[in-house]
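These are the residues of each chain, in order.
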Amino acid sequence: MADKIKKTRPELLKQRQQLNRFERFLPTLTLKKQQIQSEILKVRNEVRKLDEKMAEIIAHSDEWLLLFSESMPGPVTRFVKVKSIQRGYRNVAGIDLPVVSSVEYEICDFSRLATPPWLDEGLEFVKSLMELREQVKILHEQETLLQQELRKVTQRVNLFEKVMIPNSKNNIKLIRIALAEEQTSAVCRSKIAKGKG
């Protein structure tokens, strides 16, 4: 790239302005990278908390296990399904991340006389586990989006730090050397011209 640049004062000014832009933009990119890394850690921590909460709920479900094993026409989970998930979005470092606003369930019709009396409470228990599962899915989706953006931002930071800024500095150095040589040769020529004249 150094061979293709013009070794003139306007080019020197252009290279200096370009270097200033790169050096101004780099801290912003670095900050964005740090924010994304921090958010990834938060999301992972939230996933861990929800996993622990689900494990705790399941551990306290021993009383339900006996009831769920009662003779019923099929498993209790067939009575409740996730109908829809309302999503919202939150912005982190310019990235729209999905969040769970609400979860709607569809409860199948069942005969109150043909099913055990604990079924309503059992369905609420199953719904709470399903909602936690949906929140964990969304958090994994958030982490994927954050990882993709982190990869892009890291590439840009590396491009600026390792390519663009060093190239601009090198170009400025080469142009300065060329201009200094040109000025020196002009002074020499003028002295020679004076000496002849």
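These numbers were taken from a predicted model, which means no experiment stands behind them. (Residues numbered from 1 in each chain as written. Predicted model: local features only at pLDDT ≥ 70, side-chain atom pairs only at ≥ 80, totals over all residues. Heavy atoms only, no water.)

Focus: the pattern of salt bridges
Note the cut-off: The term salt bridge refers to a pairing of a side-chain nitrogen on Lys or Arg with a carboxyl oxygen on Asp or Glu at a separation within 4 Å. Numbering goes from the N terminus for both helices and strands, where a helix is a DSSP run of H or I of at least four residues and a strand is a run of E of at least two. When a residue's accessible area, from a 1.4 Å probe over protein chains only, is under 20% of the maximum for its type it is buried; when over 50% it is exposed; and in between it is partly exposed.
Here the structure, examined in full by the defined rule, presents eight salt bridges. Between R87 and E141 there is a salt bridge, and its shortest N-O distance comes to 2.8 Å. A residue pair is termed long-range when its members are at least 10 positions apart, and R87 in strand 1 (residues 80–92) and E141 in helix 3 (residues 119–196) qualify at 54 residues. Judged by relative accessible area, R87 falls into the partly exposed class, the value being 39%. Given the relative accessible area of 29%, E141 is considered partly exposed. Among the salt bridges present, the one from K137 reaches E134, with a minimum N-O distance of 3.6 Å.

Topic: the side chain of E134
What counts here: What makes two residues a contact is simply this: any of their non-hydrogen atoms within 4.5 Å.
For E134, the position within the fold is in helix 3. The exposure class assigned to E134 is buried, which follows from its relative accessible area of 7%. Residues within four places of E134 in sequence aside, it is in contact with V82, I85 and V100.

Section: the packing of aromatic side chains
Here the distance between the centres and the angle between the planes together describe a pair of aromatic rings. Note the cut-off: Note on aromatic contacts: the rings of Phe and Tyr and the six-membered ring of Trp form a pair at centre separations within 6.5 Å, being stacked when their planes are under 30 degrees apart, edge-to-face when over 60 apart, and tilted otherwise.
A complete count under the given rule lists two aromatic pairs for this structure. Here the aromatic rings of F22 and F160 are separated by 5.3 Å at their centres, their planes lie at 80 degrees, and the arrangement is edge-to-face. With F22 in helix 1 (residues 9–59) and F160 in helix 3, this pair connects stretches of sequence that are 138 residues apart. Each of the two residues, F22 as well as F160, counts as buried. Connected via pairs of aromatic rings, a cluster forms that spans F22, F25 and F160.

A closer look at the nonpolar core
Applied cut-off: Think of a nonpolar core as a cluster: buried Ala, Val, Leu, Ile, Met, Phe, Trp, Tyr and Cys residues, connected wherever their side-chain atoms sit within 4.5 Å.
I36 and L146 are the most contacted members of the largest nonpolar core, which has 28 residues in total. The set of elements that each furnish at least two residues to this core consists of helix 1, strand 2 (95–107) and helix 3. Here this core takes twelve residues from helix 3, the largest share from any one element. Those residues in contact with I36 that lie beyond four places of it in its chain are A93, I95, L146, E149, L150 and V153.

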